[in-house]
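Residue strings, one per chain:
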Amino acid sequence: MATLPPRERILDAAEELFAREGIKAVGVQAIADRASTTKMALYRHFATKDALVEEWLRIVAADYTAVFDRLAEAHPDDPRAQILGMARFIADGLPGISHRGCPFINSIAELPDRAHPARRLIEAHKAGQLRRLTDLCARAGLPDPDEAAAELTFVLEGAQVSTQNGSVEHAGERLMRIVGAVLERHPAPAPDGPSRHRTGRPPGNG
């Protein structure tokens, strides 16, 4: 951390302390100390603690968006692979959540005012994720993309909450099975191609 510019050191320190101790429990002085800087320097980069919280969560949200983007690049013509890839990303991250909790869930619990900029950022981020999932479900040929995307969202979010509170064992494996089952209920449409009956006659015994 010592080799990073001051702004990046502050953000890294804030991420570590917010994740470990919570937003309200961490003061600006503690962040400045962890970043090896001063409160005055911190306020030169972030006018308020709320502004620092918002920027931290903006970075967290951007990391999730980048996963969607990478999956879209890796599987441009396979929306089901993109959905499964996002589920795998969440499943693989569950061990960390079991210790630190989901930053969005934790932050919402500490930010009851829905007008708070960081709270609005989280809500906009989650709405954007739902739109992307709905689009993927539509492209995957699921008959009710809105309903399927809502179901997938419940599963992805629920796995994180259940891991955080320790109520469900093997949450990652179960998450992948449930997401796979959602997709299997509505098999991918058969690709267009030439008919197997080249004579033009209907299939039969004649």
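This one's a predicted model, so the numbers in the text were calculated from it and none came from an experiment.

### Considering the overall build of the chain
Here comes step 1: Helix and strand counts for the chain stand at nine helices and zero strands.
Here comes step 2: The secondary structure elements of the chain, listed N-terminal to C-terminal, are α-α-α-α-α-α-α-α-α.
Here comes step 3: Taken over the C-alpha trace, the chain has a radius of gyration of 22 Å; the compact-globule value for 206 residues is 17 Å, which it surpasses by more than 25%.
Here comes step 4: Its C-alpha atoms give the chain principal-axis dimensions of about 90 × 35 × 35 Å.
Here comes step 5: Of all 206 residues assigned to the chain, the portion counted as buried reaches 39%.

### A look at the pattern of salt bridges
Here comes step 1: In total, this model carries twelve salt bridges according to the counting rule given.
Here comes step 2: Of the charged contacts in the structure, one is a salt bridge between Arg20 and Glu16, with a shortest N-O distance of 3.2 Å. Linking Arg20 with Glu16, this pair stays in helix α1 (residues 6-21), spanning four residues, or about one helical turn.
Here comes step 3: With a relative accessible area of 52%, Arg20 lands in the exposed category.
Here comes step 4: With a shortest N-O distance of 2.9 Å, Glu123 and Arg114 are connected by a salt bridge.
Here comes step 5: Residue classification places Glu123 among the partly exposed residues on the basis of a relative accessible area of 28%.
Here comes step 6: Linked through salt bridges whose partners overlap, the residues forming this network are Arg7, Glu54, Glu55 and Arg58.

### Focus on the layout of surface pockets
Here comes step 1: By volume, the largest pocket is sized at about 560 Å³.
Here comes step 2: Secondary-structure elements contributing two or more residues to the lining of the largest pocket are α1, α4 (49-74), α5 (79-100) and α6 (103-110).
Here comes step 3: Computed from the structure, the second largest pocket encloses a volume of approximately 160 Å³.
Here comes step 4: The wall of the second largest pocket is formed by Tyr64, Phe68, Met86, Ile90, Lys126, Gln129, Leu130, Leu133, Thr153, Leu156, Glu157 and Gln160.
Here comes step 5: Taken together, the elements giving at least two residues each to the lining of the second largest pocket come down to α4, α5, α7 (117-139) and α8 (145-165).

### Overview of the packing of aromatic side chains
Here comes step 1: Taken as a whole and judged by the stated rule, the model has three aromatic pairs.
Here comes step 2: Summarising the aromatic geometry, the rings of Phe18 and Trp56 are spaced 5.3 Å apart at their centres and angled 50 degrees between planes, so their arrangement reads as tilted. Within this pair, whereas Phe18 is found in helix α1, its partner Trp56 is found in helix α4, the two being separated by 38 residues in sequence.
Here comes step 3: Of the residues examined, Phe18 reaches a relative accessible area of 4% and is grouped as buried.
Here comes step 4: Taking relative accessible area as the criterion, Trp56 reaches 5% and is therefore assigned buried.
Here comes step 5: Relative to Phe104, the ring of Tyr64 has its centre 5.6 Å away and its plane inclined at 50 degrees; by these criteria the two rings are tilted. One end of the pair, Tyr64, is in helix α4; the other, Phe104, is in helix α6, with 40 residues separating them in the sequence. An identical accessibility class is assigned to Tyr64 and Phe104; each is buried.
Here comes step 6: Three or more aromatic residues joined by ring pairs form one cluster here, namely Tyr64, Phe89 and Phe104.

Calculation criteria
- Residues numbered from 1 in each chain as written.
- Predicted model: local features only at pLDDT ≥ 70, side-chain atom pairs only at ≥ 80, totals over all residues.
- Heavy atoms only, no water.
- Helix = DSSP H or I, 4+ residues; strand = E, 2+ residues; numbered from the N terminus.
- Rg over C-alpha atoms; globule rule 2.2 N^0.38 Å.
- Buried < 20%, exposed > 50% of the residue type's maximum accessible area, 1.4 Å probe, protein only.
- Salt bridge = Lys/Arg side-chain N within 4 Å of Asp/Glu carboxyl O.
- 1 Å grid on protein atoms, 1.4 Å probe; cavity = no way out; pocket = protein on both sides within 12 Å on 5 of 7 lines; lining within 4 Å.
- Points joined across faces, edges and corners; volume = space filled by probe spheres on them.
- Phe/Tyr/Trp six-rings, centres within 6.5 Å; stacked < 30°, edge-to-face > 60°.

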